[in-house]
Amino acid sequence: MAHWLLKSEADSYGWDDLVRDGETEWDGVRNAAAAKHLRGMAVGDSAIFYHSGKDKAAVGIVTVTRTARPDGEDGRWVSVQVAPDRPLPRPVTLAAMKAEARLADLPMLRQSRLSVSPVGEAEWAVLMAMGGI
C-alpha cells in the first residue's frame, strides 16, 4: 500500500465537504507530475487530505476507492475516487511540517505547487504521529 498527499483549498472543497458527500472524484488535476501520481494510486491506498489556501494544514485521511480513469477529452488527464477515512485529531500545519527535520525530503515541501504527491513510509509515520494517530 502506498501513501499520498492530496491538496485542496478548503473554500473550494474541504474535508467537511468530503465527509458530507461520503466520497468524491479527485478530478481537475492539470499537472503532468500530479497526474502521474494519480495513475500510480491503487484501491486501498491512503492519502492525507491537506487544506491549502488560508488553512495550510493536513486535516484528515482518505482512502482511494477507484483507480485512475480519464478526466477530460484529450486523454492526458486522469481522476481517482476517494472516500474519507478519519480526521486527524490534531491538524498538522505547514509550519509544523517545515519545522520537522524528518520531513525535509517530503515532496510536498520541495514542490509546493504540486496538488498530488507521494509520501514515504517513514514520512507517513511522522505525519501520523504529529496528527495524533
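As shown above, the structure is provided for reference.
Residues numbered from 1 in each chain as written. Predicted model: local features only at pLDDT ≥ 70, side-chain atom pairs only at ≥ 80, totals over all residues. Heavy atoms only, no water.

Help me understand the nonpolar core, please; the structure alone is not making it clear to me.
In summary, soluble globular proteins display a tendency toward joint burial of nonpolar side chains. L6, W26, L38, M41, F49, V62 and V116 are the most contacted members of the largest nonpolar core, which totals 21 residues. Secondary structure elements with two or more residues in this core: β1 (3-9), α1 (15-21), α2 (32-39), β3 (46-52), β4 (57-70) and β5 (78-93). A per-element tally of this core places β4 first, with 4 residues. If sequence neighbours within four positions are ignored, L6 has contacts with W26, M41, A47, I48, F49, Y50, V62, V82, S115 and V116. (Core = buried A, V, L, I, M, F, W, Y, C linked by side-chain atoms within 4.5 Å. Buried < 20%, exposed > 50% of the residue type's maximum accessible area, 1.4 Å probe, protein only. Helix = DSSP H or I, 4+ residues; strand = E, 2+ residues; numbered from the N terminus. Contact = heavy atoms within 4.5 Å.)

What should I look at first to understand the sheet that holds strand β2 (residues 24-26) in this one?
The strands that make up a sheet pair up through hydrogen bonds in the backbone, lying either parallel or antiparallel. Taken in spatial order, the 6 strands make up an open sheet running β2-β5-β4-β3-β1-β6, and their pairing is mixed. Only two strands of the sheet have a single neighbouring strand rather than two, namely β2 and β6 (116-119). Within this sheet the neighbouring strands show an average axis-to-axis angle of 40°, counted without direction. Direction of pairing for β4 relative to β5: antiparallel, over a ladder of 10 bridges. By the bridge assignment, R69 is partnered in β5 with S79. Of the strands in this sheet, β1, β2, β4, β5 and β6 touch α2, which is tilted by about 55° from β6. (Pairing = 2+ DSSP bridges. Axes fitted to C-alpha atoms, helices over the stretch in contact; angles between N-to-C directions.)

What is the right way to read the layout of surface pockets from this model?
The rolling of a water-molecule-sized probe over the atoms marks out the regions of remaining empty space. For the largest pocket, the calculated volume is near 480 Å³. Taken together, 21 residues line the largest pocket, and the ones lying closest to its centre are K7, S8, E9, S52 and S115. Of all the elements in the fold, those that place two or more residues in the lining of the largest pocket are β1, β2, β3, α3 (94-99) and α4 (107-110). When grouped by side-chain class, the residues that make up the lining of the largest pocket number 7 nonpolar, 7 polar and 7 charged. (1 Å grid on protein atoms, 1.4 Å probe; cavity = no way out; pocket = protein on both sides within 12 Å on 5 of 7 lines; lining within 4 Å. Points joined across faces, edges and corners; volume = space filled by probe spheres on them. Nonpolar A, V, L, I, M, F, W, Y, C, P; charged D, E, K, R; others polar.)

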